[in-house]
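# Analysis of the macromolecular model
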Amino acid sequence: LWSDRPAENIEQILTFYADEVETHSGDGEVSRADKHTWLAAPMAEWAQQGWTHSDLSGLKTDRINATTVVFKSSWLDHYSNAPDETSCGWYLADFRNGRWQFTAFADIDCAEHGF
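Nothing here was measured: the structure is a model prediction, and the numbers come from that model.

Here is what the cut-offs are and how they apply
- Residues numbered from 1 in each chain as written.
- Predicted model: local features only at pLDDT ≥ 70, side-chain atom pairs only at ≥ 80, totals over all residues.
- Heavy atoms only, no water.
- Disulfide = S-S within 2.5 Å.
- Helix = DSSP H or I, 4+ residues; strand = E, 2+ residues; numbered from the N terminus.
- 1 Å grid on protein atoms, 1.4 Å probe; cavity = no way out; pocket = protein on both sides within 12 Å on 5 of 7 lines; lining within 4 Å.
- Points joined across faces, edges and corners; volume = space filled by probe spheres on them.
- Nonpolar A, V, L, I, M, F, W, Y, C, P; charged D, E, K, R; others polar.
- Pairing = 2+ DSSP bridges.
- Axes fitted to C-alpha atoms, helices over the stretch in contact; angles between N-to-C directions.
- Contact = heavy atoms within 4.5 Å.
- Buried < 20%, exposed > 50% of the residue type's maximum accessible area, 1.4 Å probe, protein only.

This part covers the state of the cysteines. Inspection of every chain in the model, using the stated rule, returns 1 disulfide. Disulfide pairing places cysteine 88 opposite cysteine 110 at an S-S distance of 2.0 Å. The sign of the 115° torsion about the S-S bond sets the cysteine 88-cysteine 110 disulfide as right-handed. Of the two residues, cysteine 88 sits in strand S5 (residues 85-96) while cysteine 110 sits in the segment after strand S6 (99-107), which places them 22 residues apart along the sequence.

Written out as structure tokens, the structure is:
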């Protein structure tokens with residue numbers, strides 16, 4: 001979904017996120033936002049700034065228990081008006097209401113996490 005016109009497919013992408021997403025910042029602050037505010041609004045802004053899509057370039061997973069999985073990923077972000085960039089993130093997914101949903105996120109340093 002992220003590599004094929006993601007800004008046009010935001011509603012489908014949002015089905016993989018919990019209604020509320022928790023973000024952990026580098027300074028220790030934790031914030032919560034509904035998934036539309038957390039992802040849909042920023043994605044529209046990214047697209048206006050020239051972002052076209054992202055390719056998953058690395059993935060590490062750690063199953064914590066039957067209902068919790070941690071993902072670390074690296075992304076190759078493509079732009080129409082700028083060079084490609086690599087970004088990395090940490091995601092927490094929980095099994096809720098019979099399906100997996102991303103519930104938390106943090107930016108991570110790619111090199112520190114082996115990407």
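Taken as a whole, the largest pocket encloses approximately 760 Å³ of empty space. Contributing to the lining of the largest pocket are 28 residues, with Trp2, Tyr17, Trp46, Trp75 and Tyr91 lying nearest its centre. Per-element accounting of the lining of the largest pocket gives the leading share, 5 residues, to strand S4 (residues 68-79). When its residues are assigned to classes, the lining of the largest pocket shows 19 nonpolar, 7 polar and 2 charged.

Taken in spatial order, the 6 strands make up an open sheet running S2-S1-S6-S5-S4-S3, and their pairing is mixed. The sheet terminates laterally at strand S2 (30-34) and strand S3 (51-65), the two strands that pair on one side only. On average, adjacent strands in this sheet sit at an angle of 25° to one another, irrespective of strand direction. With 12 bridges joining them, S3 and S4 adopt antiparallel strand pairing. Its bridge partner lying in S4, arginine 63 is registered against valine 69. Packed onto the sheet, helix H2 (residues 35-48) meets strand S1 (17-24), S2, S3 and S6 and runs at close to 75° relative to S1.

It is worth spelling out the side chain of threonine 68 at this point. Along the chain, threonine 68 turns up in strand S4. The class of threonine 68 is buried, set by a relative accessible area of 13%. Filtering out sequence-adjacent residues up to four positions away, threonine 68 remains in contact with Asp62, Arg63, Leu92, Ala93, Asp94 and Trp100.

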